[in-house]
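Letter by letter, the chains look like this.
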Amino acid sequence: MPPTYKAPLRDLRFVYYELFDGADLARLPGFEDATPDTAEAVLEEMGKIASEVLHPLNAVGDEQGCRLENGTVKTPDGFRDAWRLLREGGWMGLTARPEYGGQGMPYALGVAASEPMISANLAFSMYVFLTHGAYDALDHHASDELKRMVLPRLVDGSWAGTMCLTEPQSGTDLGLVRTRAVDAGDGVYRLTGSKIFISAGDHDLAENIVHLVLARMPDAPAGIKGISMFLVPKLRPEGGRLVPNGVSCSALEHKMGIKGSSTCVIDFDGSTGYLVGEANKGMRAMFTFMNAARLHVGVQGLALSEAAYQAAAAFARERLQGRALTGAKQPDKEADPILVHPDVRRMLLSIRAFNEGARALTAWIAMEIDHAQSNPDPERRREADDLASLLTPVVKAFQTDLGFEMANLALQVHGGYGYVREYGVEQIVRDARITQIYEGTNGIQALDLVGRKLPAHMGRYLRRFFHPVQRFLEEEAADPAMQEYVAPVAKAFERLQRATAWLAQESLKNPDQAGAAATDYLHLFGYVALGYLWARMAKVAREKLAAGAGADAGFYRAKLATARFYVQRMLPESGARFATLMAGSAPVMEFPDEAF
Ligand SMILES: Cc1cc2nc3c(=O)[nH]c(=O)nc-3n(C[C@H](O)[C@H](O)[C@H](O)COP(=O)(O)OP(=O)(O)OC[C@H]3O[C@@H](n4cnc5c(N)ncnc54)[C@H](O)[C@@H]3O)c2cc1C
């Protein structure tokens with residue numbers, strides 16, 4: 001039974017237009033065309049492309065992988081046609097500015113549309129996502145001349161983009177980057193060095209590839225403060241032609257998953273590059289790319305878990321084994337479907353409750369990013385930016401840690417069939433594993449949350465999350481019917497507040513306290529954020545049912561049942577995370593190094 005995939009359009013509509021006021025985005029300047037009807041049409045069309053074009057290529061990409069032939073990377077069969085289809089449909093420029101040929105849609109719509117694309121085929125989506133990321137970084141930081149040269153080509157998909165940070169000795173610690181950039185005058189630099197693990201570093205989908213490269217100038221300060229960002233095209237425009245620019249792919253990595261995505265060693269040999277942003281401020285420019293990328297990787301965690309859920313739910317309805325503990329449910333058959341077994345239901349509901357909660361969290365942050373960039377009110381812009389900054393590491397790490405865990409549960413639902421290839425779920429597990437590693441490992445996201453985001457502006461970022469949660473809990477405290485959802489969230493929220501106060505005090509005395517607590521704290525945060533959103537979703541569902549939901553009644557009843565499952569069966573994990581982090585760093589740090 002090969003897996004199938006259908007975009008969760010009803011649930012996307014629920015989070016964007018019923019839980020949140022998606023129509024509000026069309027009131028932001030420049031987004032007047034982003035009406036709910038347009039958004040619905042965009043998502044429906046992407047849903048179709050995902051199911052009919054990208055998903056059938058997912059196993060092909062996994063089987064064939066990429067090949068390096070005569071210095072050029074060949075993508076798996078069908079990827080070129082899919083890229084062409086997206087180009088012709090204007091998908092590369094969905095959220096890009098109209099002046100560069102884009103459609104000028106809100107960022108949040110781009111995020112919503114990316115979910116089905118990733119669910120259907122993560123490996124393929126990497127080429128699109130890196131091109132979008134390069135567009136965004138250049139749009140924010142490049143000179144007008146560079147923008148005119150590159151952006152229209154990224155938007156029409158004739159060129160593609162990459163981010164080149166990692167080197168063999170420089171992964172998490174980018175201060176160790178050795179690639180050199182020497183000033184050749186006239187704003188041109190010559191770059192020499194080798195980058196590893198570069199996603200979409202070379203391929204045959206586009207005519208040209210522009211690399212955003214972190215490098216160091218000869219007189220730059222040591223460490224992270226001496227890193228600059230350069231745009232280095234694979235082929236350099238010269239006299240109306242594209243000529244080779246000393247950029248080559250010398251090897252492809254053989255890896256556990258996302259095999260259809262090329263992961264390249266890219267060598268620069270005196271390659272012409274152009275400075276993007278200010279000299280020695282490359283990390284600032286790259287952070288634009290990395291922040292958007294971190295949110296996007298959080299979507300990858302959710303999207304893979306959604307694909308895994310769909311496969312597991314379909315399997316559990318079909319697979320007949322054993323009888324329900326309370327007596328046969330389908331006595332006419334040889335056995336009952338495994339869906340009747342409490343343990344199988346536990347697994348399916350865990351995945352579902354995570355997916356719908358994560359979809360809400362993603363939508364919330366994506367819409368706040370639109371407000372941060374386009375709201376005319378500076379205070380609203382700042383508030384939105386604070387919240388997005390705070391929650392970006394949570395979305396990245398929590399959603400990919402749980403995304404992987406959930407994909408693994410979906411495999412478990414399949415029993416032995418999950419471990420063999422044709423059911424597709426083992427590919428999802430392998431593909432999901434990288435999301436916890438790239439774009440800053442999840443451990444680094446946790447340190448970012450604890451070390452940078454919590455103390456920022458005397459806790460201002462944190463208040464952007466704590467205040468609305470506190471307000472919601474207080475407002476709902478008076479409604480007895482809401483208590484089954486609200487009371488567990490209030491308890492978990494209180495733990496989060498206590499853990500935050502403890503961290504603020506302890507990490508001043510001993511930084512290892514923060515380091516040892518970080519991952520558990522981030523997870524505690526994630527569980528509370530989803531709990532808050534589940535309580536809000538329950539409120540919406542109750543209101544819709546009370547107003548007479550008609551044909552949608554089943555959808556809202558399932559929402560309420562999933563909310564109940566989340567607060568009763570998943571949110572208690574916040575208690576374990578709280579207890580673990582409050583144990584402090586001693587059990588971790590007092591273990592003698594030589595005993596490892
Ligand atoms: C398939 C794939 C695609 C990739 N795509 C790209 C790409 O397109 N562009 C690009 O530039 N890079 C890319 N990368 C590289 C990726 O971003 C890095 O692998 C990642 O950032 C981690 O760096 P590292 O592998 O050197 O691990 P290290 O930095 O060596 O880390 C090893 C371990 O130590 C931990 N650690 C390190 N430092 C600290 C610290 N200060 N505190 C606590 N823990 C720490 C880490 O969390 C990790 O668990 C890709 C990697 C892969 C595998």
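Bear in mind that the values here come from a model prediction, so they are computed numbers and not experimental data.

Colleague: Is there a simple way to explain the site of the ligand in this structure?
Modeller: Around the ligand sit 18 residues in total, of which Thr166, Thr172, Phe197, Ser199 and Thr441 are the nearest. Surface burial for the ligand is 61%, taken as the share of its 970 Å² of free accessible area covered by protein chains. Of all the elements in the fold, those that place two or more residues in the shell around the ligand are strand 3 (159–164), strand 5 (188–199) and helix 13 (442–453).

Colleague: What am I meant to see in helix 3 (residues 56–64) here?
Modeller: Note that an α-helix has 3.6 residues per turn; residues three or four places apart therefore point the same way. Within helix 3, the full set of buried residues consists of Leu57, Asn58, Gly61 and Asp62. Buried positions in helix 3, seen along its axis, are confined to an arc of 140° and lie on one side of it. Buried residues in helix 3 make contact with helix 2 (36–54), helix 4 (79–88), helix 5 (107–120), helix 6 (122–141) and helix 12 (425–433). Within two residues after helix 3, Gly65 carries a phi angle of roughly 60°, on the positive side.

Colleague: Where do I start with the pairing of strand 5 in this structure?
Modeller: In the case of a regular strand, side chains alternate between the two sheet surfaces. Note that strand 4 (residues 180–183) and strand 5 share four bridges and pair antiparallel. Paired with Arg180 across the two strands is Thr192, which belongs to strand 5. Counting the residues that bridge the hairpin from strand 4 to strand 5 gives four residues, and of these Gly185 lies at a positive phi of roughly 80°. Note that strand 5 and strand 11 (residues 263–276) share 10 bridges and pair antiparallel. Each residue of the ladder has a partner; that of Arg190, found in strand 11, is Thr272.

Colleague: What's the story with helix 14 (residues 460–476) in this structure? I'm lost.
Modeller: When the terminal C-alpha atoms of helix 14 are compared, their 25 Å separation across 17 residues agrees well with the 24 Å that a helix rising 1.5 Å per residue should span. On its buried side, helix 14 packs onto helix 9 (342–374), helix 10 (378–413), helix 13, helix 15 (483–509) and helix 16 (511–546).

Colleague: What am I meant to see in the domain arrangement of the protein chain here?
Modeller: In many analyses, interface size is given as the accessible surface area lost on bringing the parts together. Structurally, the protein chain comprises domain 1 (9–155), domain 2 (161–280) and domain 3 (456–590). Placing the centre of domain 1 and that of domain 3 at their C-alpha centroids yields a distance of 32 Å. Of the residues lining the interface, six residues belong to domain 1; the matching set on domain 3 comes to nine residues. Interface area, domain 1 with domain 3, both sides summed: about 750 Å², of which 66% is carbon and sulfur. Broken down residue by residue, the surface that domain 1 buries against domain 3 is led by Arg10, Phe14 and Leu19, which jointly contribute 63%. The interface formed by domain 1 and domain 3 holds two salt bridges in total. One salt bridge connects Arg10 with Asp552, and the closest N-O pair in it is separated by 3.2 Å. Counting across the domain 1 and domain 3 interface gives four residue pairs in polar contact (both at pLDDT 80 or more). For the side of domain 1 that touches domain 3, the residue count by class is three nonpolar, no polar and three charged.

Analysis parameters
Every chain is numbered independently, its residues counted from 1 as its sequence is written. Reporting in this predicted model follows two pLDDT cut-offs: at least 70 for local features of residues, and 80 or more for side-chain atom pairs to be given and counted; totals over whole chains, interfaces and linings ignore these cut-offs and use all residues. Hydrogens are left out, water is left out, and the side-chain values use all remaining heavy atoms of the structure. Being near a molecule or strand, for a residue, means having at least one of its heavy atoms within 4 Å of it. Values of accessible area rely on a 1.4 Å probe in the Shrake-Rupley scheme; residue burial ignores everything except the protein chains shown. A helix here means a DSSP run of H or I that spans at least four residues, while a strand means a run of E at least two residues long, and both kinds are numbered starting from the N terminus. Here's how the labels work: a residue is buried when its accessible area is under 20% of the maximum for its type, exposed when over 50%, partly exposed in between, all with a 1.4 Å probe on protein chains only. As used here, the arc belongs to the directions running from the helix axis to the C-beta atoms. Throughout, a contact is declared for two residues whenever any of their heavy atoms are within 4.5 Å. Pairing between two strands is assigned when DSSP locates at least 2 bridges connecting them. A helix is expected to span 1.5 Å for every residue after the first. Each domain's extent was defined by an automatic or database domain assignment. When two components associate, each loses some accessible surface as probed by a 1.4 Å sphere; the sum of these losses over both components is called the buried area. In what follows, salt bridge is the name for a side-chain nitrogen of Lys or Arg lying within 4 Å of a carboxyl oxygen of Asp or Glu. Nitrogen and oxygen atoms within 3.5 Å of one another constitute a polar contact, given that in protein one can donate a hydrogen and the other can accept it, and given that sequence-neighbouring residues count only through two side-chain atoms. All residues other than Ala, Val, Leu, Ile, Met, Phe, Trp, Tyr, Cys, Pro, Asp, Glu, Lys and Arg, Gly among them, are scored as polar; the first ten of these are nonpolar and the last four charged.

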